[in-house]
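Structural description and commentary
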Amino acid sequence: MLDRRSAMFVLPAAGALLATVAACSRETASSDGDDETNPDELESVTVALVAPPFVHAHDQVAKGAPKVVKFRMTTESKTIVVDEAGTTFHAMTFNGSMPGPTMVVHEGDYVELTLVNPASSTLPHNIDFHAATGALGGAALTLVNPGEQATLRFKASRSGVFVYHCAPEGMVAWHVVSGMHGVLMVLPRAGLSDADGNRLTYDKVFTIGEFDLYLPKDGADGYKTYPTAEDAYADTIEAMRGLVPSHIIFNGAHGALTGDNALKSKVGETVLFVHSQANRDTRPHLIGGHGDWVWETGKFANPPQRDLETWFIRGGSAGAALYTFRQPGLYVYLNHNLIEATILGAAAHVQVEGAWNENLMKQMSPPGPIQT
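What comes next concerns the included structure. It should be emphasised that the depicted structure is a prediction, and the values quoted were computed from it without experimental measurement. (Residues numbered from 1 in each chain as written. Predicted model: local features only at pLDDT ≥ 70, side-chain atom pairs only at ≥ 80, totals over all residues. Heavy atoms only, no water.)

Turning our attention to the sheet that holds strand β21 (residues 317-324). The mixed open sheet is built from six strands, whose spatial order is β15-β12-β17-β21-β19-β20. Edge positions in the sheet fall to β15 (247-250) and β20 (305-308), since each of these pairs with one other strand and no more. The sheet shows a mean angle of 25° between the axes of neighbouring strands, direction not considered. As paired elements, strand β19 (residues 291-295) and β21 share three bridges and run antiparallel to each other. The residue of β21 that forms the bridge with W293 is L322. (Pairing = 2+ DSSP bridges. Helix = DSSP H or I, 4+ residues; strand = E, 2+ residues; numbered from the N terminus. Axes fitted to C-alpha atoms, helices over the stretch in contact; angles between N-to-C directions.)

Rendered as structure tokens:
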């Protein structure tokens, strides 16, 4: 069993590695982007993050020169209820949410993140940005023990949606499947476009963070409970070894985005769905709709695909899909492995307001007796 003290210092070999990587990152000039830019001379802006599925206010087209965009995130451990049976789970989070907040910048901007690990924490944390270049995605420069904070700045040199996640040496998988991942969206400076360069815009963004959980079983029907995440560590690792999730959920729990928690839209609105999965492959599908424009790999420098019914998100990546709602009613956004959606929990609802268009669909006759 891993006690709190040993959990905090499970990184003895990693310390030298991280120090070496950090030193190399300081000494080696980046060849990724324009090395002539001095970020100390750029305008800086501070952005307040919001909890998913929502995204902080941002411009779709960059205004002016590149900026240094400053964010602050705090790690938080919390107990959450993950299903209708009341099963509890000790989550590790960025800013208290699963997924962590979505950060938005433009290509050429600099991301400056201050990562805070409160003194009340019992574990070290850091952050690996898949959008960053060098130092293990920044993980080597942000390893903070309880009571510490660190600030990282890196150039957003590639456009797209990118996963970020916690990555302490020896505990990466545990931290990721316990809740610690999110998305950085780097928009092209001129905004999104199709393969012909025509502008694509959206009215709102929804972030869907998909998580696979590995809760230790207590007999055939229930799950074990533990005082702390550290107390659950050994049993959780054993459950993870089987590669069979107990739950596959959107945004932290069964029902987090269904029923009364459904996402809201209107006929004629265009929504950008940003979907991340830091650990397993997934296949988003919108029942009753489509992916009008889909960046399946999440990288905006590549032309989007059109009119997809289902798209594929590789484990450890994020994808993006634009859809303009054309009919009112209830839509189901799900992982189209239907077992994972309907039994394990990977589903969301979108409730759309507006007038019905009979040209798109019309019931010619209601259900009734068979006619001979």
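Right, let's talk about the packing of aromatic side chains for a bit. As enumerated under the stated definition, the model contains 12 aromatic pairs in all. Where W174 meets Y233, the ring centres are 4.5 Å apart and the plane angle is 75°; that geometry is what we call edge-to-face. One end of the pair, W174, is in helix α3 (residues 172-177); the other, Y233, is in helix α4 (residues 229-241), and 59 residues separate them in sequence. Exposure remark for W174: the relative accessible area of 3% places this residue in the buried category. One residue, K217, lies across the ring of Y223, its end atom 4.5 Å from the ring centre. (Phe/Tyr/Trp six-rings, centres within 6.5 Å; stacked < 30°, edge-to-face > 60°. Buried < 20%, exposed > 50% of the residue type's maximum accessible area, 1.4 Å probe, protein only. Lys NZ or Arg CZ within 6 Å of the ring centre and 35° of its normal.)

Counted according to the given criterion, the structure contains seven salt bridges. For K63, the salt bridge goes to D59, with nearest N and O atoms at 3.6 Å. On the basis of relative accessible area, K63 is assigned to the exposed category, the value being 57%. Two residues, K204 and E269, come together in a salt bridge whose shortest N-O distance is 3.4 Å. Linking K204 in strand β12 (residues 204-213) with E269 in the loop between β16 (263-266) and β17 (270-277), this pair joins segments that are 65 residues apart in sequence. When its relative accessible area of 24% is taken as the criterion, K204 is described as partly exposed. (Salt bridge = Lys/Arg side-chain N within 4 Å of Asp/Glu carboxyl O.)

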